[in-house]
Amino acid sequence: MVYVCHISTYRIEVIVGGTWMYSEKTGLTENGYPVHSSIYKNLITNLPTDVMEFPDFPFPSDSKKFMHWKEVRDYIFAYADQFNLRKDIQLNTDVKSVKRITTKPVPSEAAHQSPNRPQWLVRTTALQGGGSKEKVFDAVLVCSGHYSVPHYPDIPGQESFNGVHLHSHDYRHPEPYAGKRVLLMGAFQSAFDIMKDLYPHASEVIISLSELDGLCLGELYKKGLLPHNVRTTTFPQAINGSVVTFTDGDTLEPDVIIFCTGYEYSFPFLDASCDVTVSEGKRIQPLFKHMIHSRYHTLMFIGMPFTGLEFPLAYLQVPIALMILDGSLALPSEQDINKETEADYRDRLASGQKPRHAHKYAFPPRWSYTVYCDEIATFAKIDNVMQPKYRSFEVVIAAMLKNMMTYRDYSVSDSHLECHHSP
């Protein structure tokens, strides 16, 4: 059986590393492809190394708990070398399309050939030489990530803003914003980390919180725990030229708006025959367990749930994918799969989550990453390699909610920290 693992569609990979390959460029590359990476120059990881690392390949013992992006990039290089993976990775190649095809069953392989197990015609274009190729694969694993296509909120009049505006995807350095009043739209990690990078340079940084203040930044502001030139406000209701009006009626004239509003799932290489839709850029359908196409079981998506633990999550999901492909893990009927998936989505909405949270595991106790990992490991009857990371992850999340300004100083021995969060 042959598999294809699609690494990136928005930037032709010339070296391993994916989003951890920093680029000074924003917008388009010299080859006309959108810049894939969202890394900025001073980025420090927001999760500790013992949580981020692959279970079979720890970070060096002398690594800092929270590290610069260069060290993560070097870790990926080392992983590829340790397991001799480079020979199996085809770089300088753009996947143009993936199309479902129906082939005549081979009697000896009939058990693995059914309407639920189609093959896939993959068309690629080489960066060097520009030649196109087509090849048939038994399965496709989509591993293109979800941190490269910016998501923008729909705010009336936002196109009229006459100052500088950009998405956090295009943020690289703090110096261009020296002396500026900067409005950060968003209430999660990118807004907070960019604020920390900006506030020594900007005259004022205002964090515009959505209805879900995921990091309790509003509480920190009220307690006087944010820097002197940083404050929070509500989310914009409208923009008119230079004036932003917020939902509480307050107004502001910022010099710069940075949209820290997350990213969208995007798979333009999937042909209509794949029967995959993405609602409002945030919900992939039809997916079972957030990874398996409910009708075509030879098409799977790795690393799509939003957990922040992409390396170990992929390490857990891929063996499950292989079990499905070799027939050792049976799946429920398409009807039962879709019924379970839709029930989970409706329960999310009933709990107060938004449609954009369909794949997000940041709402304990039911929708936490630990629940998801336990669920898929139990379903596949395999060991959950994520369990040893639970304690460290839970403590750092609790430290974040206690005080985002100091959470990187936490210790796993801080047993008094408890994590409470609801949508």
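This one's a predicted model, so the numbers in the text were calculated from it and none came from an experiment.

So, how was this worked out
- Residues numbered from 1 in each chain as written.
- Predicted model: local features only at pLDDT ≥ 70, side-chain atom pairs only at ≥ 80, totals over all residues.
- Heavy atoms only, no water.
- Pairing = 2+ DSSP bridges.
- Helix = DSSP H or I, 4+ residues; strand = E, 2+ residues; numbered from the N terminus.
- Buried < 20%, exposed > 50% of the residue type's maximum accessible area, 1.4 Å probe, protein only.
- Polar contact = N/O pair within 3.5 Å; in protein donor to acceptor, adjacent residues only side chain to side chain.
- Contact = heavy atoms within 4.5 Å.
- Axes fitted to C-alpha atoms, helices over the stretch in contact; angles between N-to-C directions.
- pLDDT = per-residue confidence, 0-100.
- Phe/Tyr/Trp six-rings, centres within 6.5 Å; stacked < 30°, edge-to-face > 60°.
- Lys NZ or Arg CZ within 6 Å of the ring centre and 35° of its normal.
- Core = buried A, V, L, I, M, F, W, Y, C linked by side-chain atoms within 4.5 Å.

So, on to the pairing of strand E10 (residues 236–240). Every other side chain in a regular strand lies on the same face of the sheet, so the side chains alternate between the two faces. Pairing of E10 with strand E11 (residues 243–246), which is carried by four bridges, proceeds in the antiparallel orientation. Looking at E11, one finds that Ala238 is bridged to Thr245. In sequence, E10 turns back onto E11 through a hairpin of two residues, with Gly241 there showing a positive phi of about 65 degrees.

Another point: the sheet that holds E11. Within a sheet, neighbouring strands are paired by backbone hydrogen bonds and run either parallel or antiparallel to one another. One open sheet accounts for three strands, arranged E10-E11-E12; its pairing is antiparallel. Of all strands in the sheet, those with a lone pairing partner are E10 and strand E12 (251–252), marking the two edges.

Inspection of the secondary structure puts His293 in strand E17 (residues 292–293). Residue His293 is classed as buried on the basis of its relative accessible area of 0%. A polar contact of 3.1 Å, which involves the side chain of His293, links it to the backbone nitrogen of Tyr296. The contacts of His293, once residues within four sequence positions are left out, are Cys274, Asp275, Val276, Pro286, Leu287 and Leu299.

So, on to the sheet that holds strand E2 (residues 93–101). Overall, antiparallel pairing links the three strands, which are arranged E2-E3-E4 in an open sheet. Edge strands, defined here as strands with exactly one partner in the open sheet, are E2 and strand E4 (132–137). Along the sheet, successive strands turn relative to each other by an average axial angle of 20 degrees, direction set aside. Two elements, E2 and strand E3 (residues 119–126), share eight bridges in a ladder whose sense is antiparallel. Opposite Val98, over in E3, you have Val122 as the bridge partner.

This part is about the confidence of the model for the chain. Overall, the prediction assigns the chain a mean pLDDT of 88, with 91% of residues at 70 or greater. pLDDT under 50 marks residues 1–12. Its contacts with residues more than four places away, or in other chains, come to 53 contacts. Per-residue pLDDT stays below 50 along residues 413–423; that stretch engages in 25 contacts with residues further than four places along the chain or on separate chains.

According to the stated counting rule, one finds 23 aromatic pairs in the structure shown. Ring centres 5.4 Å apart and planes at 70 degrees place the aromatic pair Tyr40 and Tyr171 in the edge-to-face group. Here the residue Tyr40 occupies a position in the loop between strand E1 (3–6) and helix H1 (49–52), and Tyr171 occupies one in the loop between strand E6 (164–167) and strand E7 (181–185), the gap between them amounting to 131 residues. The same class applies to Tyr40 and to Tyr171, which are both buried. Measuring from ring centre to ring centre gives 6.2 Å for Phe267 and Phe269, while their planes differ by 85 degrees; the resulting arrangement is edge-to-face. Feature note: the residues Phe54, Phe57, Phe59, Tyr75, Tyr79, Phe83 and Phe311 constitute an aromatic cluster, connected by ring pairs. Above the face of the Phe379 ring, Lys289 is positioned so that its terminal group lies 5.3 Å from the ring centre. Its end group placed over the ring of Phe66, Arg408 keeps NZ or CZ at 5.7 Å from the ring centre.

On to the nonpolar core, then. Counting residues in each nonpolar core, the largest one holds 80 residues, and the members touching the most others are Trp20, Leu184, Leu198 and Ile258. A per-element tally of this core places helix H5 (residues 310–325) first, with eight residues. The residues contacting Leu184, other than those within four sequence positions of it, are Ala191, Ile194, Met195, Leu198, Val205, Ile206, Ile207, Ser208, Ile258 and Cys260.

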